[in-house]
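Architecture and fold: a report
One letter stands for each residue in the lines below.
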Amino acid sequence: MEQFLAALDGAWRVLLVGLVFGAGLPTLFAFGIRSLAWGAGGDASIHEPGVTLKPKLVGRLIAYLLFALVVLLVLSGVGYIVVHGLGWTVTFNGLWPVITPK
Amino acid sequence: MINVTPEFILLALVVLTALAFDFTNGFHDTANAMATSIATKALSPKAAVTLSAVLNLVGAFLSVEVALTVTNAVIRIQNPDGTPKPELMADGGHGLLLILMAGLAGAIIWNLLTWLWGLPSSSSHALFGGLIGATVASMGWAGVKWVGDGYKLDGVVGKVILPALFSPAIAIVVAMVGTWLVFRVTAGVARRYQESGFRWGQIGTASLVSLAHGTNDAQKTMGVITLALIAAGQWSVTNDIPVWVKVACALAIASGTYIGGWRIIRTMGKGLVEISPPQGMAAESSSAAVILVSSQLGFPLSTTHVCTGSIIGSGLGRTGAKVRWGVAGRMGMAWLITLPSAGLVSAVMWYIGHVIGGTTGAIVVFGIMCAAAVFMRWRSRRDPIGHHNVNDDWDGTADAAKVTVSGGVK
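Residues numbered from 1 in each chain as written. Chains lettered and ligands numbered in written order. Predicted model: local features only at pLDDT ≥ 70, side-chain atom pairs only at ≥ 80, totals over all residues.

1. Remarks on the overall build of chain A
Within chain A one finds two helices and two strands. Listed N to C, the secondary structure of chain A is α-α-β-β in terms of helices and strands. Over its C-alpha trace chain A gives a radius of gyration of 20 Å, far above what one expects of a compact globule, namely 13 Å for 102 residues. The dimensions of chain A, computed from C-alpha atoms along their principal axes, are 65 × 35 × 20 Å. For chain A, the residues scored as buried account for 32% of the 102 residues in total. Counting contacts in chain A only where the partners sit at least 6 residues apart, residues at least 24 apart contribute 34% of the total. (Helix = DSSP H or I, 4+ residues; strand = E, 2+ residues; numbered from the N terminus. Rg over C-alpha atoms; globule rule 2.2 N^0.38 Å. Buried ≥ 20, exposed ≤ 12 C-beta atoms within 10 Å, placed from the backbone. Contact = placed C-beta atoms within 7 Å.)

Set out below in structure tokens:
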């Protein structure tokens, strides 16, 4: 029973943080795709027949910003794996990671 | 000069078997990271397995942490510091080496059988199951640590069974929410435009899963081989592993990944859900996040369970998509029986090795394992699956969900 509660305790934490990163990351990316489509104009977005959508620079800029954020998150994932692999531990002081040798 | 004694032959067989297990571990798990990218054609099948193999190789070299105490979670053959129990060390460590040999052989046979069936079962469950079976055969039921003490997750229940129940459920929820959000956000974007964008996102997140796999799984085999070396008196340090062990394990898991378990890739990529690139990215992000977060929080889980859960979740999160529950049910069954089945095979292997005795016993066990592998390889030739047909339609009909808006005009 205690083991079950311990597993449950771990599980909801994993679920919560997993949702923030695991569902948040593709959502950010989706916003990027949407802005990019809006910025590209033409046939990138679904539109009424006969209407021509104009390209918009702002859309593309927002898109690149969002993509950069996604890349940064993925790279921090890589960084996390590397740091852990090298035998250090990562603790979080607020959101800022602190790396200490084990 | 190395003296070729019977003990040395036994040790060499154990090391070979461990590397063979590492190899099956690699090809069994290629699907975890790459099935979705192959199914959505974000990567060609060859490119996908190559990328995954390279990342597994890098990942295996990255892990300097010593996983020598990997067996301590479930069985009692080692002291807390990683050295083998003294009672197993008699006769040049013969007792311990035979347990490892039988455990690994059972795990390999089960991995190959589930591969033949195209089912993504957990390689770590197979390894733990095999070691448990061989330990029970050798030391009785008391040799196994079934339940941990208090609130610290430990033992078979805490480290293997409970995480196996929770982790697919967590992954399903995360991937479902992610998929649902992605389709909401990109609702107005033309389909072709949306899909080409998400293919890139998918490659990035799938790479993350491959890298994490390399660091986690290669380590287990490195730990087992080092334990065998200590038992045979060829190594004495518990906080370091020999360089050649690391190189050999990294190469074994990477070459396994490169060979690719196409039968399993096909089940995961085409059998469960018809995956589109946005679903693929949502699934891989969910897997990567759940795997990394649980390793940070010390919650042990199996990559296979997480990745399968994520793919099912990506089917549930998309309106109109359907999950083939029959296929999912077969997988669920395979997960349930992986640990006991590998255990049973290993126990039988141990008895065979023990009754025949000595080095001859170990050679017979090794021979049976090789014969089983050759048989299953031969059996797989009846309906070969490779990179050429991995993406064929699952039940012969074209995907209904594909027939929607594909141009930019309503």
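Next comes the rest of the account.
2. Re the overall build of chain B
The helix and strand inventory of chain B stands at 12 helices and zero strands. When the elements of chain B are put in sequence order from the N terminus, they spell out α-α-α-α-α-α-α-α-α-α-α-α. With respect to the principal axes defined by its C-alpha atoms, chain B has extents near 80 × 50 × 35 Å. For chain B, the share of sequence-separated contacts (at least 6 apart) that also reach a separation of at least 24 residues comes to 84%.

3. Structural notes on the packing of helix α6 (residues 191–231) of chain B against helix α7 (residues 243–259) of chain B
All names here are of chain B. Running from N to C, α6 and α7 point in directions that differ by 130 degrees, and their axes come no closer than 9 Å. With respect to their mutual orientation, α6 and α7 come out oblique. For the element pair α6 and α7, the recorded crossing hand is right-handed. Across from Gly214, Asp217, Ala218, Thr221, Met222, Ile225 and Thr226 in α6, the residues of α7 making contact are Val245, Lys246, Cys249, Ala250 and Ile253. (Axes fitted to C-alpha atoms, helices over the stretch in contact; angles between N-to-C directions. Parallel < 35°, antiparallel > 145°, perpendicular 65-115°, else oblique. Left-handed = near helix turned anticlockwise from the far one by under 90°.)

4. A look at helix α3 (residues 90–116) of chain B
Residues and elements named next belong to chain B. The terminal C-alpha atoms of α3, which comprises 27 residues, lie 39 Å apart, in line with the 39 Å expected from a rise of 1.5 Å per residue. When you tally the buried positions in α3, you get 22 out of 27 residues, the bulk of the element. Taken from the residues just after α3, glycine 118 is the one with a positive phi, measuring 70 degrees. (Expected span 1.5 Å × (residues − 1).)

5. Thoughts on the environment of B:Ala134
Residues and elements named next belong to chain B. Along the polypeptide, alanine 134 turns up in helix α4 (residues 123–139). Sequence separation between alanine 134 and leucine 153 is 19 residues; the distance between their C-alpha atoms is 23 Å. With residues near it in sequence (within four places) discarded, alanine 134 still touches Ile99, Ala102, Gly103, Gly106, Ser346, Ala347 and Trp350.

6. A look at the interface of chain B and chain A
Each side of the interface is counted separately: chain B has 56 residues, and chain A has 46 residues. Counting only elements with at least two residues in the side of chain B that touches chain A, the list comes to α5 (155–185), α6 and α9 (277–297) of chain B. A per-element tally of the side of chain B that touches chain A places α5(B) first, with 13 residues. A class-by-class count of the residues in the side of chain B that touches chain A yields 34 nonpolar, 19 polar and three charged. (Nonpolar A, V, L, I, M, F, W, Y, C, P; charged D, E, K, R; others polar.)

7. A word on the environment of B:Trp115
Residue and element names in this part refer to chain B. With respect to the helices, strands and loops of the structure, tryptophan 115 is situated in helix α3. When the C-alpha atoms of tryptophan 115 and arginine 263 are compared, they prove to be 6.6 Å apart, with 148 residues separating the residues in sequence. When near neighbours in sequence (up to four residues on either side) are disregarded, tryptophan 115 contacts His28, Gly261, Arg263 and Ile264.

8. Comments concerning the confidence of the model for chain B
Residue and element names in this part refer to chain B. Here chain B averages 88 in pLDDT, while 95% of its residues score no lower than 70. Confidence over residues 397–410 falls short of pLDDT 50; this stretch has 25 contacts with residues more than four positions distant or in other chains. In the predicted assembly, ipTM is 0.88 and pTM is 0.89. (pLDDT = per-residue confidence, 0-100.)

9. Brief notes about the nonpolar core
Burial of nonpolar side chains together is a common tendency in soluble globular proteins. The biggest cluster of nonpolar side chains holds 158 residues, and the ones touching the most others in it are B:Val14, B:Leu97, B:Met101, B:Ala228 and B:Cys249. Beyond its immediate sequence surroundings of up to four residues, B:Cys249 is in contact with B:Leu19, B:Asp22, B:Ala60, B:Ala218, B:Thr221 and B:Met222. (Core = buried A, V, L, I, M, F, W, Y, C linked by C-beta atoms within 7 Å.)

10. Things to note about unusual backbone geometry
Residue and element names in this part refer to chain B. Non-glycine residue lysine 41 carries a positive phi angle of around 60 degrees. Residue placement: lysine 41 occurs in the loop between α1 (6–39) and α2 (45–62). The class for lysine 41 is partly exposed, based on 14 C-beta atoms found within 10 Å.

11. With respect to the packing of α9(B) against helix α10 (residues 303–316) of chain B
Residues and elements named next belong to chain B. Running from amino to carboxyl end, α9 crosses α10 at an angle of 145 degrees, the nearest separation of the two axes being 8 Å. The two elements α9 and α10 cross, and the hand of that crossing is right-handed. When α9 is examined against α10, the residues Gln279, Ala282, Ala283, Ser286, Ser287, Val290 and Ile291 are found in contact with a partner set consisting of Thr303, Val306, Cys307, Ser310, Ile311, Gly313 and Ser314. By residue class, the composition of the contact of α9 with α10 is seven nonpolar, seven polar and no charged.

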